[in-house]
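# A closer look at the structure
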Amino acid sequence: MALEAAQMICWELDVLDGSLQYDPSRLTLLGMATEGAPRDLPAWLAAVHPQDQPEFVSAYAAAIQSGAPGFDSEYRVKLASGDWGWVQTHGTIVERDSNGQARRALGITMNIAARKQGEAELAQYRDHLETLVSERSAALQAAHNKLLDTQFAMNGVGIGIRWSEAATGRII
């Protein structure tokens, strides 16, 4: 039940032959189709967005070759709808042979589409705020320049302006 609430699946990978063990019916938690479910690493990789495949392969290869304890990757996968959806995979190498070669990995893959949508909305909101700040800064600078032009024009015809602090009335 917790896995369903978190929209994640647990899996086991035989590193030597690439076979994946998981409950294919759980793919719906990721938004993926259960029909033709990937049963090995090459088939899973085929479901990964082509632009994300190099990073996924790199993270996986680094873990199995370097002796690192695990790997983590965010990437897009083909959804049942035909669209692309975001997932995150955390994997841990749980068994190595006497030479240190990875033999078995366990992990989870979770649906992070809501988080990615939130990140995109925040980025859009941040960009909008930066635009507003930039526009307001430009307007303030223009008003400042106009005020200076007015002061210089008035000084040119013999009308002086005295500036004072608002709180104290002290002439500055």
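If you're wondering where the values come from, they're calculated on a predicted model, not measured in any experiment.

Secondary structure summary: the chain contains four helices and five strands in total. Secondary structure of the chain in N-to-C order comes out as α-β-β-α-α-β-β-β-α. Taking 2.2 N^0.38 as the reference for a compact globule, 172 residues should give roughly 16 Å; the C-alpha atoms of the chain span a radius of gyration of 29 Å, well beyond that estimate. Each of the three principal axes of the chain carries a C-alpha extent, and together these read 90 × 40 × 30 Å. Taking all 172 residues of the chain together, the buried fraction comes to 27%. Excluding contacts between residues fewer than 6 apart, the proportion of contacts in the chain whose partners are at least 24 apart in sequence is 41%. When the accessible surface of the chain is summed, it comes to about 11,000 Å², and 56% of that surface belongs to carbon and sulfur atoms. Of the charged side chains in the chain, 14 are positive and 21 negative, and the gap between their average positions amounts to 9 Å.

Looking now at the environment of Gln51. Checked against the element boundaries, Gln51 lands in the loop between α2 (41-47) and α3 (53-66). Judged by its relative accessible area of 61%, Gln51 is exposed. Once the C-alpha coordinates of Gln51 and Arg76 are considered, the two residues, 25 residues apart in sequence, prove to be 8.8 Å apart. Within the structure, Gln51 has its side chain in polar contact with the side chain of Arg76 (distance 3.2 Å).

This next bit is on the pattern of salt bridges. Per the stated rule, a full pass over the model turns up eleven salt bridges. Residue Glu95 is joined to Arg104 by a salt bridge in which the shortest nitrogen-to-oxygen separation is 3.2 Å. Across the pair Glu130 and Arg126 runs a salt bridge, and its minimum N-O distance is 3.7 Å. Within this pair, Glu130 and its partner Arg126 are both found in helix α4 (residues 113-156), separated by four residues, close to a single helical turn. Here Arg126 falls in the partly exposed class, since its relative accessible area comes to 43%.

This part takes up the sheet that holds strand β2 (residues 20-21). Strand-to-strand pairing in sheets goes through backbone hydrogen bonds, with the strands running parallel or antiparallel. A sheet is described by the order of its strands in space; here five strands give the open sequence β2-β1-β5-β4-β3, paired in antiparallel fashion. Of all the strands in the sheet, the pair left with one neighbour each is β2 and β3 (70-78). Sheet analysis places β3 next to strand β4 (residues 84-96), joined by nine bridges and oriented antiparallel. Considered in β4, the bridge of Asp72 is made with His90.

This paragraph deals with the packing of aromatic side chains. Where two aromatic rings form a pair, the distance of their centres and the angle of their planes describe that pair. Under the defined criterion, the tally for this structure stands at four aromatic pairs. Ring geometry for Phe56 against Tyr75: centres 4.8 Å apart, planes inclined by 70°, an arrangement best described as edge-to-face. With Phe56 in helix α3 and Tyr75 in strand β3, the pair connects residues that are 19 residues apart, well separated along the chain. Exposure class is identical for Phe56 and Tyr75. Each is buried.

With that settled, consider the nonpolar core. By size, the foremost hydrophobic cluster in this structure holds 27 residues, and its most contacted members are Leu13, Leu27 and Trp44. When contributions to this core are tallied by element, the ones reaching two or more residues are β1 (8-14), α2, α3, β3, β4 and β5 (102-111). The element contributing the most residues to this core is α3, with five residues. Beyond its immediate sequence surroundings of up to four residues, Leu13 is in contact with Gly18, Ser19, Leu20, Leu41, Tyr60, Arg103, Arg104 and Ala105.

Criteria and thresholds
Residues numbered from 1 in each chain as written. Predicted model: local features only at pLDDT ≥ 70, side-chain atom pairs only at ≥ 80, totals over all residues. Heavy atoms only, no water. Helix = DSSP H or I, 4+ residues; strand = E, 2+ residues; numbered from the N terminus. Rg over C-alpha atoms; globule rule 2.2 N^0.38 Å. Buried < 20%, exposed > 50% of the residue type's maximum accessible area, 1.4 Å probe, protein only. Contact = heavy atoms within 4.5 Å. Areas by Shrake-Rupley, 256 points an atom, 1.4 Å probe, with all protein chains shown as cover. Lys, Arg positive; Asp, Glu negative; His and termini not counted. Charge placed at Lys NZ, Arg CZ, Asp CG, Glu CD. Polar contact = N/O pair within 3.5 Å; in protein donor to acceptor, adjacent residues only side chain to side chain. Salt bridge = Lys/Arg side-chain N within 4 Å of Asp/Glu carboxyl O. Pairing = 2+ DSSP bridges. Phe/Tyr/Trp six-rings, centres within 6.5 Å; stacked < 30°, edge-to-face > 60°. Core = buried A, V, L, I, M, F, W, Y, C linked by side-chain atoms within 4.5 Å.

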